[in-house]
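Spelled out, the chains give:
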Amino acid sequence: MVTGDRVRLRAVEPPDAETLWRWHGDPEVMRWMDAPYPPSLAQTRKQLEERRTDSYGDLNLMIDTLDGRTIGIVALREAEPETGDAKLDIYLGEKDTWGQGYATDAMRVICRYGFDRMRLHRISLTTIAENTAARRVYEKVGFVDEGRMREAFRRDGKWHDKIIMGLLEGELR
Ligand SMILES: CC(C)(COP(=O)(O)OP(=O)(O)OC[C@H]1O[C@@H](n2cnc3c(N)ncnc32)[C@H](O)[C@@H]1OP(=O)(O)O)[C@@H](O)C(=O)NCCC(=O)NCCS
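Residues numbered from 1 in each chain as written. Predicted model: local features only at pLDDT ≥ 70, side-chain atom pairs only at ≥ 80, totals over all residues. Heavy atoms only, no water.

A. The arrangement of the overall build of the chain in detail. From N to C terminus, the chain includes four helices and eight strands. For 173 residues, the compact-globule formula gives about 16 Å, and the C-alpha radius of gyration of the chain, at 16 Å, lands near that figure. Dimensions of the chain, computed from the C-alpha atoms along their principal axes, are close to 40 × 40 × 35 Å. The burial tally for the chain puts 46% of its 173 residues in the buried class. (Helix = DSSP H or I, 4+ residues; strand = E, 2+ residues; numbered from the N terminus. Rg over C-alpha atoms; globule rule 2.2 N^0.38 Å. Buried < 20%, exposed > 50% of the residue type's maximum accessible area, 1.4 Å probe, protein only.)

B. Representation of the pairing of strand β7 (residues 144-155). Here β7 runs beside strand β8 (residues 158-168); their pairing, made up of eight bridges, is antiparallel. For F153, the partnering residue across the bridge sits in β8 and is H160. Here β7 folds back onto β8, and the loop between the two strands holds two residues, one of which, D156, carries a positive phi near 55°. (Pairing = 2+ DSSP bridges.)

C. Quick peek at the side chain of T70. Secondary-structure assignment places T70 in strand β4 (residues 70-80). Polar side-chain contacts of T70 include one of 3.1 Å to the side chain of R10. Only 2.8 Å separates the side chain of T70 from the side chain of D64, close enough to count as a polar contact. For T70, the residues in contact, after removing those within four places along its chain, are R10, W23, M62, I63, D64 and E94. (Polar contact = N/O pair within 3.5 Å; in protein donor to acceptor, adjacent residues only side chain to side chain. Contact = heavy atoms within 4.5 Å.)

D. Focus on the pattern of salt bridges. For the coordinates displayed, the defined rule picks out 18 salt bridges. A salt bridge links D34 to K162; the nearest nitrogen and oxygen atoms lie 3.7 Å apart. Of this pair, D34 sits in the loop between α1 (17-24) and α2 (41-50) while K162 sits in strand β8, placing them 128 residues apart in sequence. A salt bridge links R77 to E78; the shortest N-O distance between them is 3.1 Å. For E78, a relative accessible area of 45% puts it in the partly exposed group. (Salt bridge = Lys/Arg side-chain N within 4 Å of Asp/Glu carboxyl O.)

E. Just the site of the ligand, in detail. As a structural note, the neighbourhood of the ligand is formed by 22 residues, with L92, G99, G101, T104 and K140 the closest of them. Between the ligand and the protein, one listed contact pairs an oxygen atom with a side-chain N or O atom of T104 at 2.5 Å. One of the side-chain nitrogen or oxygen atoms of T132 is found 3.1 Å away from a nitrogen atom of the ligand. Coverage of the ligand by the protein amounts to 70% of the 970 Å² it exposes when considered alone. Of all the secondary-structure elements, those providing two or more residues to the shell around the ligand are β5 (85-92), α3 (102-117), β6 (122-128) and α4 (132-141). With seven residues, the top contributor of residues to the shell around the ligand is α4. Each residue belonging to the shell around the ligand can be placed in one class, and the counts come to twelve nonpolar, eight polar and two charged. (Near = heavy atom within 4 Å. Areas by Shrake-Rupley, 256 points an atom, 1.4 Å probe, with all protein chains shown as cover. Nonpolar A, V, L, I, M, F, W, Y, C, P; charged D, E, K, R; others polar.)

Here it is in structure tokens:
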């Protein structure tokens, strides 16, 4: 478990299946995220039961508030010791918690973990240009724009640009 000022990150457990399934079925939560076909609850339960142990290259952590409410998930993927590079994904599925600083704190906790414990050199992510709340969170903790993939995401019958952002060791705020 890793703790910040407002959140605690912990391993994903089989009983989280119902929560994740509910979040994945919420169009507002999934608005700017790559969404596969909606998974069934049975599939989600099976996936969690059969999940491999978290590893250097595939780390998934639930975001809990300090009083124990599960509100989101954050992942560091594709980390490689040879390159010191990893990719980050985050979302909060409980919409009533948006705008209270939880994602900002969770970003700081996971990035600190990546740089200090995993000895990463850089962390990158992509977001949709119109996702202003997410971009604001990433900028607040030190991520900078590194590129734009034009019309790389389709939602609601329209194409949207994806922004590539990156954070180097030593830049975390
Ligand atoms: C994006 C998301 C992670 C933000 O989480 P959060 O806990 O609400 O973020 P925080 O409260 O830490 O910070 C939000 C910041 O964005 C700002 N913000 C919120 N909505 C905004 C908007 N529409 N336009 C501009 N800024 C906005 C807030 O004011 C705040 O900045 P501030 O501290 O300078 O005032 C969360 O809303 C979420 O999970 N959304 C759905 C999934 C998603 O889009 N995930 C990211 C995929 S890349």
